[in-house]
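Chain and residue survey
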Amino acid sequence: MAADSSQYLDVLNPEQREAVLHRGNPLLILAGAGSGKTRVITTKIAWLIRECGVDAASILAVTFTNKAAREMAARARLIDERSDRAMLRTFHSFGAWFLRRYGSRAGLEPGFTIYDDDDAAALTTTLMPGAPQAEVKQTARRISRAKDYFLSPDDPGLDAIDHRASFRAIYRAYEEKLAAIGNVDFGDLIKKPVEILRGDAEIARRFHERFRVFLVDEYQDSNVAQFELLKALYGEGAYLCVVGDDDQSIYRFRGAEVRNILEFPGRFPGVDIIRLERNYRSVAPILRLASAVVDHNRGRLGKNLRAERGTGKLPTLVFLADQEAEAVFAAKLIENSLAAGEGTARYTDWAILYRTHAQSLGLETEFLRRRIPYRIVGSLKFYEREEIKDALALLAFMLNPRDEIAFRRVVNKPARGVGGATVERIITEAFAITGAARDDAAGFLPPEIPRAASPAGDLAAAAKRLLPALTAKARAGLGTFLAAIEAGMEELTGAEASAGNDGGTDGNDSNGDSAKKVPRGKRGGGTRKAAASGLRSGEGLSRCLVTLVSRAGIAEHYAARDEIEGDSRIGNLQELVNGASLYPDSREGLAEFLEHIELDRSLEEGEAGGNGNAVTFITLHNTKGLEFRRVIMTGVEQGIFPREDKKDDDLEEERRLFYVGVTRAMDELYLTSCAMRRMYGRAMPMEPSLFLREAGRENLRVLGETPYGFGRAAGGNPAFRAGAPGGGRAAGSGRAGKASSDGKWKTGERLYHDDYGYGAIIRIDESEDGPVISARFDTGKEIRFLSESQSRRFTKIGEDF
DNA sequence: TAGTTTTAAGTTTTT
DNA sequence: CTTAAAACTA
């Protein structure tokens, strides 16, 4: 551990060493895949502390994922323990840290919770009543994008995202509502700190003094707002070093701006550039394949990766019949390698890569059947489960009684007679308090409602006020809900009497008070009700969660489902409860728990089976920064990878994603491409990916039945289109019916549909969403459908069928 | 309103 | 095929 010498620098190559020892001007490190950039950053942190007298606490290192942050912290600590005091975070986690301390400058209380994309969409729904779900989703996405680009509702630049005045109006309303609720979304975690730093010279000064060194990893995937944050934090004489690779920029869809790295030299004065082009990870043929493909991109800085490891096995391309065959191939390949290999061969050497999470399903089935251990990286599924979202909504509402989204989700779950009308009434009442609270300043508020107990928008307080005015059924149901929330509050140590506690005696009996008298750590199991639901509470926050979920009836609601489903849902809730036991049972602990869940969902799922020796299943995006001895990249088919609608810049991004995937492999790389794939439960013929042709035959060893058109002289022809489904014009001769504007349909043509059977087109209309096809089926049923979205389901069978 | 049945829609990629 | 929304019935 290089205790007293500078041995730790000896392992570096000349460029790496230059990068580590660099000081002064801002530095851009262009680090190719596998060129040791993590080593450079961690070594640099240690070197600054040891050799330059830099205080570790004045270093801020920003990474892209929590996992990378943890790994970097561990590696820096190995070189010098003092690196522990450096701040190593993701941009978003830094933003949350900032806002918990200085958010009050933007009207935030420290107990805010973070809305994920689903919550943001739910909030948008309340602003667009009656709008189709797809439109709401699109609007929510655009709002999120606007924040990535640091655009506020009144910014002229917003036109580039959506030029409609209606969009601005909804965005503005969204911001107002979010502010009224008192929460933030992901974009706010970056945008608000910038606004605070810009608006408050004193805070800015404090940060400029505190942080003297900035290190940014994966800089090619930073967005405009993150760049602004960096600029706002950066003070006179500080040191800035960013590391990235323009060929690995794969988050454009999320607002990542490659220009951040391409134009970095122009944005800061006197930037120095160091290139790391020696690749220590992959054997030469793998690197050649990667370069051959990414070379087809325009607009890149360009670099020359050299394979320090020398030559090795040629990557193998395997053509297969369908995804079942693909799963079998992957499983057998791994089994064989372990059987043939010495005792050193391990499942962990292997990773299976895919473009979308959905593709993991077929692989899982096969691996379970063969009892091959695997783990899935980065699947969000756990936190997307209904029961988990319900439990989290209860916690979030407890922390922030203004959380309308959480309230809507759980107030009537399970159904307890609190319908839509009642919910709207409560929300209106709560927001009416906004006005009342202003009146309060003038002394108009009835004295029996203390100001502190009913801050504007407090839904719990509003609900309580409305109780007497409701029907007996609604009153009882709402009472249960409020009692559950209060019971949960009772479980928090130091929970003072707040909004709820003046009313119902309900929360003040038995276990709330008595529990507090029991010393921490000596408490027994859950309450009686909890026992009935089968949930066991442990330490800390878990008691509160169990109480909440049990009293609210959520646990029983799911336990009452059929045995298999109920067991699994209760099991999931139990897992969440176990997680909560690691946090203190205070409001701070609760906020921390929720923040951790929002910002770091990198749970690993699957059958890893204890010792951690398992094959890795992972999306291409999630592999960033990782490496594996042996990689199988699946689904290398046109339409899957690249996705069908990709062209121009988006296609280039897919190509970079291919490059990222390929360069994860150290020793062996396999690519699989299926002739047929089941999508949406239907068999679809597939063609090999464009990238395979770009890779060049000489860079691949090909196995399996080569599809027509593959491997011929390229010449830019659409060779892969042979036998393509669904495209082209309506077949056939015969009567000339009226054709649709997209050329796919004409009247008189016969159709087949899985549910409706056989029928014929009787009419074609043109709408702004494209052609609308009307068909009468042999059952007598008439159906109208949009050509654009439905053409997959209605199959043409020709007129004389 | 609640619960059930029918019908449409969906799959990027992630902090 | 799976899940979400809409339509319908009690």
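Residues numbered from 1 in each chain as written. Chains lettered and ligands numbered in written order. Predicted model: local features only at pLDDT ≥ 70, side-chain atom pairs only at ≥ 80, totals over all residues. Heavy atoms only, no water.

1. A look at the overall build of chain A
Looking only at helices and strands, chain A has 30 helices and 25 strands in total. Taken across its 801 residues, chain A has 52% of its residues classed as buried. Sequence separation of 24 or more characterises 73% of the internal contacts of chain A that already satisfy a separation of 6 or more. When the accessible surface of chain A is split by element, carbon and sulfur atoms take 50% of a total near 35,700 Å². (Helix = DSSP H or I, 4+ residues; strand = E, 2+ residues; numbered from the N terminus. Buried < 20%, exposed > 50% of the residue type's maximum accessible area, 1.4 Å probe, protein only. Contact = heavy atoms within 4.5 Å. Areas by Shrake-Rupley, 256 points an atom, 1.4 Å probe, with all protein chains shown as cover.)

2. What about the confidence of the model for chain A?
With 86% of its residues at a pLDDT of 70 or more, chain A has an overall mean of 83. Counting interchain partners and residues more than four positions distant, the pLDDT-below-50 stretch residues 433-454 has 19 contacts. (pLDDT = per-residue confidence, 0-100.)

3. Comments concerning the environment of Gly 488
Looking at the element boundaries, Gly 488 is found in helix α21 (residues 472-490). Residue class for Gly 488 comes out buried when judged on its relative accessible area of 0%. As a C-alpha pair, Gly 488 and Val 549 span 61 residues in sequence and 8.8 Å in three-dimensional space. Ignoring any residue separated from it by four or fewer positions in sequence, one finds Gly 488 in contact with Met 398, Cys 544, Thr 547 and Leu 548.

4. Re the protein's contact with DNA strand C
By nearness alone, every residue bordering DNA strand C is listed as Gln 133, Tyr 680 and Gly 681. Atoms of DNA strand C within 4 Å of the protein belong to the sugar or the phosphate in 25% of instances, the rest to bases. Between DNA strand C and Tyr 680, the relevant distance is 3.3 Å, taken from a base nitrogen to a main-chain nitrogen or oxygen of the residue. (Near = heavy atom within 4 Å. Polar contact = N/O pair within 3.5 Å; in protein donor to acceptor, adjacent residues only side chain to side chain.)

5. What to know about the side chain of Lys 177
Along the chain, Lys 177 falls in helix α7 (residues 165-181). Taking relative accessible area as the criterion, Lys 177 reaches 17% and is therefore assigned buried. Setting aside residues no more than four positions away along its own chain, Lys 177 makes contact with Leu 123, Thr 126, Leu 127 and Glu 404.

6. Concerning unusual backbone geometry
A negative phi holds for most residues other than glycine; trans holds for most peptide bonds. Note that the residue after Lys 413, namely Pro 414, is joined by a cis bond; omega there is -5 degrees. Take Pro 414: it is sitting in the loop between α18 (404-410) and α19 (420-441). A cis amide bond links Phe 641 with the next residue in sequence, Pro 642, at an omega value of 5 degrees. Along the chain, Pro 642 falls in the loop between β16 (628-633) and α28 (648-662). With a phi close to 55 degrees, Phe 150 is a non-glycine residue in the positive phi region.

7. A word on helix α27 (residues 587-599)
Count 3.6 residues to each turn of an α-helix, and residues three or four apart come out pointing the same way. Helix length check: α27 (13 residues) gives 18 Å between terminal C-alpha atoms against 18 Å at 1.5 Å per residue, within 8%. The complete set of buried residues in α27 reads Gly 589, Leu 590, Ala 591, Phe 593, Leu 594, Glu 595, Ile 597, Glu 598 and Leu 599. (Expected span 1.5 Å × (residues − 1).)

8. Concerning the pattern of salt bridges
Per the counting criterion, the structure on display carries 63 salt bridges. A salt bridge links Asp 159 to Arg 168; its shortest N-O distance comes to 3.0 Å. Since its relative accessible area comes to 17%, Arg 168 is described here as buried. The salt bridge partner of Arg 630 is Glu 668, with a shortest N-O separation of 3.4 Å. Placement of the pair is Arg 630 in strand β16 and Glu 668 in strand β17 (residues 665-674), with a sequence separation of 38 residues. Its relative accessible area of 12% is what places Glu 668 among the buried residues. Within the structure, one salt-bridge network assembled from shared partners comprises Glu 386, Glu 387, Asp 390, Arg 409, Lys 413 and Arg 569. (Salt bridge = Lys/Arg side-chain N within 4 Å of Asp/Glu carboxyl O.)

9. Some words on the state of the cysteines
As enumerated under the stated definition, the model contains zero disulfides in all. Free of any disulfide, Cys 52 has its nearest neighbouring cysteine sulfur in Cys 241, separated by 13 Å. For Cys 52, a relative accessible area of 22% translates into the label partly exposed. (Disulfide = S-S within 2.5 Å.)

10. Some remarks on the protein's contact with DNA strand B
In the region of DNA strand B, 29 residues are neighbours, and Arg 254, Arg 355, His 357, Lys 646 and Tyr 756 sit closest. Put simply, 47% of the atoms of DNA strand B that lie within 4 Å of the protein are in sugar or phosphate. A distance of 3.2 Å is found between a base oxygen of DNA strand B and a side-chain nitrogen or oxygen belonging to Arg 254. Its residues assigned to classes, the surface near DNA strand B shows nine nonpolar, 13 polar and seven charged. (Nonpolar A, V, L, I, M, F, W, Y, C, P; charged D, E, K, R; others polar.)

11. A look at the sheet that holds strand β1 (residues 27-31)
Spatial ordering of the open sheet is given by β3-β2-β6-β7-β1-β8, a layout of six strands whose pairing is parallel. Every interior strand has two partners, whereas the edge strands, β3 (87-90) and β8 (272-276), have only one. This sheet shows a mean twist of 15 degrees between the axes of neighbouring strands, independent of strand direction. Strands β2 (59-63), β3 and β6 (213-216) of the sheet are contacted by helix α4 (residues 91-102), whose axis makes an angle of about 110 degrees with β3. (Pairing = 2+ DSSP bridges. Axes fitted to C-alpha atoms, helices over the stretch in contact; angles between N-to-C directions.)

12. Digging into the pairing of β17
Counting buried positions over the ten residues of β17 gives ten, a clear majority of the element. Across five bridges, the pairing between strand β11 (residues 316-320) and β17 is parallel. For Leu 320, the partnering residue across the bridge sits in β17 and is Cys 674. For β16 and β17, the ladder comprises five bridges, and the chain directions are parallel. Following the sheet pairing, Ile 632 is matched in β17 by Tyr 670.

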